[in-house]
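Now for the letters of each chain:
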Amino acid sequence: MENKNRTFSSKIGFILTAVGSAVGMANVWGFPYKLQQNGGGAFLLVYLFFVLVFGYVALSAEFAIGRRANTGTLGAYEYAWNSRNLGVVGKFIGFLPLIGSLCIALGYAVIISYVAKALGQSITGTLMSVDSGKWFEQFSGMDYSVVPYHAIILFVTLLTCIKGADSIEKSNKIMMPAFFVLFLILMIRVAMIPGAFDGYTFMLRPDFSKVLNVNTIVTAMGQAFFSLSVTGSGMIVCGAYLSKSEDIVDASKQTAIFDTVAAMVAAFVMVPAVFAYGMDQAGGPGLLFVVLPKILQDIPGGRIFAMVLYTAVIFGGISSLQNMLEVVTESLIHRFPKLKRKSVLAVLGVLLFGIGVNMESISKWGPWMDLVSIYIIPIGATIGAISWFWILKKEELLEEINTSSKKKYGDLWYNIGRYLYVPFAIIICFIALAYKVAF
């Protein structure tokens, strides 16, 4: 079986890849918007609590089942359910989170293509002189508006997956450090804008009256859940490529820390800039393609900083899309051993491009992404949480968690997962389905 025994060459390579999988639009435009809309520092406190819980048990469990089964999504579910002699159930149940990864990849590729277009027009200088609202409305409302960028993004992403863990690790060793450095450059520049200090104050000074607000709690939980990519699929394949000599819980903690840092540096760019210019904080694409261009047009050197911004976002986007495609590729190779990696990637590329170009209008990919994040992803994530902590035998999970660990994990770690993380996953799934909230 291709790449069956391939592992990451180093711990830092694994962590950067896992962080790359987690870092994406949830960090860049989701976190700053939700932070500002839900009490600033109050939201941050609640968010950090959920990151602590999910980073400690949820990420660890997904890494562990991947390494234990020595494969990704489909094989991991089959392994977990087989521990209860229900392998026939596990053989099919893993398809839901796997389909979720493929479906979200369709829309994600379109979003990154929008970013690539913004980068291209930053380089030419066009973006610096347009009415950003009309500019975005014009191209995002058209069919087939970013076809060349779409093709380039998919080609580059597939190229980084061509050798499995080896090429994925090498690409993330470039993209993830670059992402953080570029955002740090932006963060320093934004700090020089008069009035930016008000944004920092809002972010870091909690309004404790809002800490126990139901909306703040639910939104922070959902943001932490999906920012860490604990979706019952993506992180499993990262674990499948993790060496037995690595401490899983320690690696999970570091992944959660870096993902949180990514969200914070994005917020330290977006929120103070919006405060300084007295603008309304937009969510989603409105922030990246309407609000920020207006700000960049006004500041000295804005064209250069626009190029820095959109390059950083592309790196974060490609690293996440890369994981979505690798999840599907690895699972298909596992289930059908005669398949060749290059052939699977080629078919995926054609499929994603063929379907994706018909979704380039925001009126199509917007509802599509909502559909996936309301239904498929939350259900898949909940199935994963239940599979690891209620189906897979406790002894097997703990044995894998404790392999090469610096300390022994037992009932406390397991019970946090079983009685805290799993209910949280069910709550998020219920809210998404009942109230049609896209996280």
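A few points on the structure. All values reported here derive from a predicted model rather than from experimental measurement.

**Some details on the overall build of the protein chain**
Reasoning step 1: What the protein chain contains, in helices and strands, is 19 helices and 0 strands.
Reasoning step 2: For a compact globule of 439 residues, the expected C-alpha radius of gyration is about 22 Å, and the protein chain comes in at 21 Å, within 12% of that figure.
Reasoning step 3: By its C-alpha atoms, the protein chain is 65 × 50 × 40 Å across when sized along the principal axes.
Reasoning step 4: The proportion of buried residues among the 439 residues of the protein chain is 61%.
Reasoning step 5: By element, 67% of the accessible surface of the protein chain is carried by carbon and sulfur atoms, the whole surface being about 16,400 Å².
Reasoning step 6: Across the protein chain, the 33 positively charged side chains and the 25 negatively charged ones have centroids separated by 4 Å.

**Brief notes about the state of the cysteines**
Reasoning step 1: Overall, the coordinates contain 0 disulfides when judged by the stated rule.
Reasoning step 2: Of the cysteine sulfurs around Cys-429, a residue in no disulfide, the closest is that of Cys-103, at 16 Å.

**Section: unusual backbone geometry**
Reasoning step 1: One non-glycine residue with positive phi stands out, namely Asn-70, at about 60°.
Reasoning step 2: Relative to the assigned elements, Asn-70 resides in the loop between helix H3 (41–69) and helix H4 (73–82).
Reasoning step 3: Although it is not a glycine, Tyr-144 sits at a positive phi angle of roughly 55°.
Reasoning step 4: Inspection of the secondary structure puts Tyr-144 in the loop between helix H7 (132–140) and helix H8 (147–160).

**Topic: the layout of surface pockets**
Reasoning step 1: Considering only enclosed or pocket space, the second largest pocket measures out at about 230 Å³ in volume.
Reasoning step 2: Taken together, Leu-48, Val-51, Leu-52, Val-53, Gly-55, Tyr-56, Lys-253, Ala-256, Ile-257, Thr-260 and Ile-416 make up the full set of residues lining the second largest pocket.
Reasoning step 3: Among the secondary structure elements, those contributing two or more residues to the lining of the second largest pocket are H3 and helix H13 (248–276).
Reasoning step 4: Element by element, the count of residues in the lining of the second largest pocket is highest for H3, at 6 residues.
Reasoning step 5: Counted by class, the lining of the second largest pocket contains 8 nonpolar, 2 polar and 1 charged residues.

Cut-off values and rules
- Residues numbered from 1 in each chain as written.
- Predicted model: local features only at pLDDT ≥ 70, side-chain atom pairs only at ≥ 80, totals over all residues.
- Heavy atoms only, no water.
- Helix = DSSP H or I, 4+ residues; strand = E, 2+ residues; numbered from the N terminus.
- Rg over C-alpha atoms; globule rule 2.2 N^0.38 Å.
- Buried < 20%, exposed > 50% of the residue type's maximum accessible area, 1.4 Å probe, protein only.
- Areas by Shrake-Rupley, 256 points an atom, 1.4 Å probe, with all protein chains shown as cover.
- Lys, Arg positive; Asp, Glu negative; His and termini not counted.
- Charge placed at Lys NZ, Arg CZ, Asp CG, Glu CD.
- Disulfide = S-S within 2.5 Å.
- 1 Å grid on protein atoms, 1.4 Å probe; cavity = no way out; pocket = protein on both sides within 12 Å on 5 of 7 lines; lining within 4 Å.
- Points joined across faces, edges and corners; volume = space filled by probe spheres on them.
- Nonpolar A, V, L, I, M, F, W, Y, C, P; charged D, E, K, R; others polar.

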